[in-house]
Amino acid sequence: MKLGKRWLPAHILVWTYAVLLVVPLYYFLASAFKSNDEIFAHPFAPPTSLGFGNFRTAFESADLGLAVVNSALVTLFSLALTLLLAIPAAFALARSTGRLAGVVEKVFSLGFLIPTFAALFPTFLLAAATGLFHTRIFMVLFLPATALPLSVVILVQFMRTIPPEMEEAARLDGASTFAVLRHVYTPMCLPGIATVLLLNFLTFWNEYLYSLVIIGPDPAQRTVQVALPTLKSITGTDYGVLTAGTVLTLVPVWLVYTLLQKRMQQALVSGAVKM
């Protein structure tokens, strides 16, 4: 009983926090099935109908199908390029012990100090100079550059926990440096890789500013975050349709999180044990 009373404040805080999360989520999902009149007259009342008219209107009005495909292409290729660059870089830094490796690692860490908007104008000039302005290709090349600092720092910490004896055993079996990276370090760093994938997926999928400036509002190439604001109108916005469109764009995020959450939890637990 004493232990139960001691944990009572913690339980109250947890349930309060859960309610603060669930209520906005309920309002958000319920609004996707309502009209404007229903949203403003009875904001927290359950929807009278579960029809998918708002979703259909949002999908067709903003051409969300093509926008989702564009976002998926940019995100997937950017993630692949990020891992292709970050894993070898982290492998080299984790195995190095000299001063130069420490300097290089600190240079990667300096990437956290650069605000996203501060690089907008130089990025615009670079896209124009390379002839890749208003193309998705430039975003595929640019987004990994913004993700490398965090990705490398995370993966370096995971790779440093791998016992050197694992590499020595692989070397005795005749493994090359690439084979050691592929068969020893990469499989043992899967929780860290999953963490990098999930964090970067959320960043790449939700990126708006650079997608708007570099790719532009062209319906054939625009991403989903640029397409969504087209559902707003100066004369009057249908918030039910806007909410429904937002729900559609969150489905891929939910799917990716569901697939990678276990690996990310492993990364958090293993990090706690190492500390």
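Note that residues are indexed from 1 along each chain, following the sequence as it is written. A pLDDT threshold of at least 70 governs which residues receive local features in this predicted model, and a stricter bar of 80 or more applies before side-chain atom pairs are shown or counted, although totals over entire chains, interfaces and linings include all residues. Only heavy atoms go into the side-chain values, all of them from the structure, while hydrogens and water stay out.

A. Seen up close, a nonpolar patch on the surface. The patches reported here contain residues having more than 30% relative accessible area and no salt bridge. Joining distances are 9 Å for like charges and 5 Å for nonpolar side chains (Val, Leu, Ile, Met, Phe, Trp, Tyr). What sets the accessible areas is the Shrake-Rupley method with a 1.4 Å probe; for residues, cover comes only from the shown protein chains. Each salt bridge in this description consists of a side-chain nitrogen of Lys or Arg and a carboxyl oxygen of Asp or Glu lying within 4 Å of one another. Taken together, the side chains of Y17, V19, L21, V22, V23, Y26, Y27 and F44 define a hydrophobic patch exposed on the protein surface, amounting to about 760 Å² of accessible area. Under the DSSP-based scheme used, a helix requires at least four consecutive residues in state H or I and a strand at least two consecutive residues in state E, with every element numbered from the N terminus. The topology assignment puts V19 in helix α2 (residues 8–31). Between buried and exposed lies partly exposed: a residue is buried under 20% and exposed over 50% of the maximum accessible area for its type, with that area taken using a 1.4 Å probe on protein chains only. On the accessibility criterion, V19 (47% relative accessible area) is partly exposed.

B. Summary view of the pattern of salt bridges. As enumerated under the stated definition, the model contains three salt bridges in all. Here R95 makes a salt bridge to E167, at a shortest N to O gap of 2.8 Å. Residue R95 is found in helix α5 (residues 64–95), and its partner E167 is found in helix α9 (residues 164–172); the two are separated by 72 residues along the sequence. According to the relative accessible area criterion, R95 is partly exposed, its value standing at 35%. Residue class for E167 comes out buried when judged on its relative accessible area of 12%. Beyond isolated ion pairs, a larger network of salt bridges with shared partners links R95, E167 and R171.

C. Examining the layout of surface pockets more closely. Points on a 1 Å grid, built from protein atoms alone, make a cavity when a 1.4 Å probe fits but cannot get out and make a pocket when they are open with protein on both sides within 12 Å along at least 5 of 7 lines; residues with an atom within 4 Å of a point are the lining residues. Grid points are joined across faces, edges and corners, and a volume is the space filled by probe spheres set on the points. Volume-wise, the largest pocket comes out at about 540 Å³. Broken down by secondary-structure element, the contributors of at least two residues to the lining of the largest pocket are α8 (136–159) and α11 (190–206). Among the elements that make up the lining of the largest pocket, the one with the highest residue count is α8 (seven residues). Amino acids are sorted into nonpolar (Ala, Val, Leu, Ile, Met, Phe, Trp, Tyr, Cys and Pro), charged (Asp, Glu, Lys and Arg) and polar (every other residue, Gly among them). Taken together, the residues of the lining of the largest pocket break down into 14 nonpolar, five polar and one charged. The volume enclosed by the second largest pocket comes to roughly 270 Å³. Every residue lining the second largest pocket is listed: L25, F28, L29, V247, L250, V251, V253 and W254. In terms of residue count, helix α14 (residues 239–274) provides more of the lining of the second largest pocket than any other element does, five residues in total. Class assignment of the residues belonging to the lining of the second largest pocket gives a composition of eight nonpolar, no polar and no charged.

D. Fine view of the confidence of the model for the protein chain. Residues at a pLDDT of 70 or more form 93% of the protein chain, whose mean pLDDT is 87. What pLDDT conveys is the predictor's confidence in a given residue, as a value from 0 to 100. Within the protein chain, α5 carries the highest mean pLDDT (94), whereas helix α1 (residues 2–6) carries the lowest (59). We call two residues contacting when some pair of their heavy atoms lies within 4.5 Å. Counting interchain partners and residues more than four positions distant, the pLDDT-below-50 stretch residues 271–275 has two contacts.

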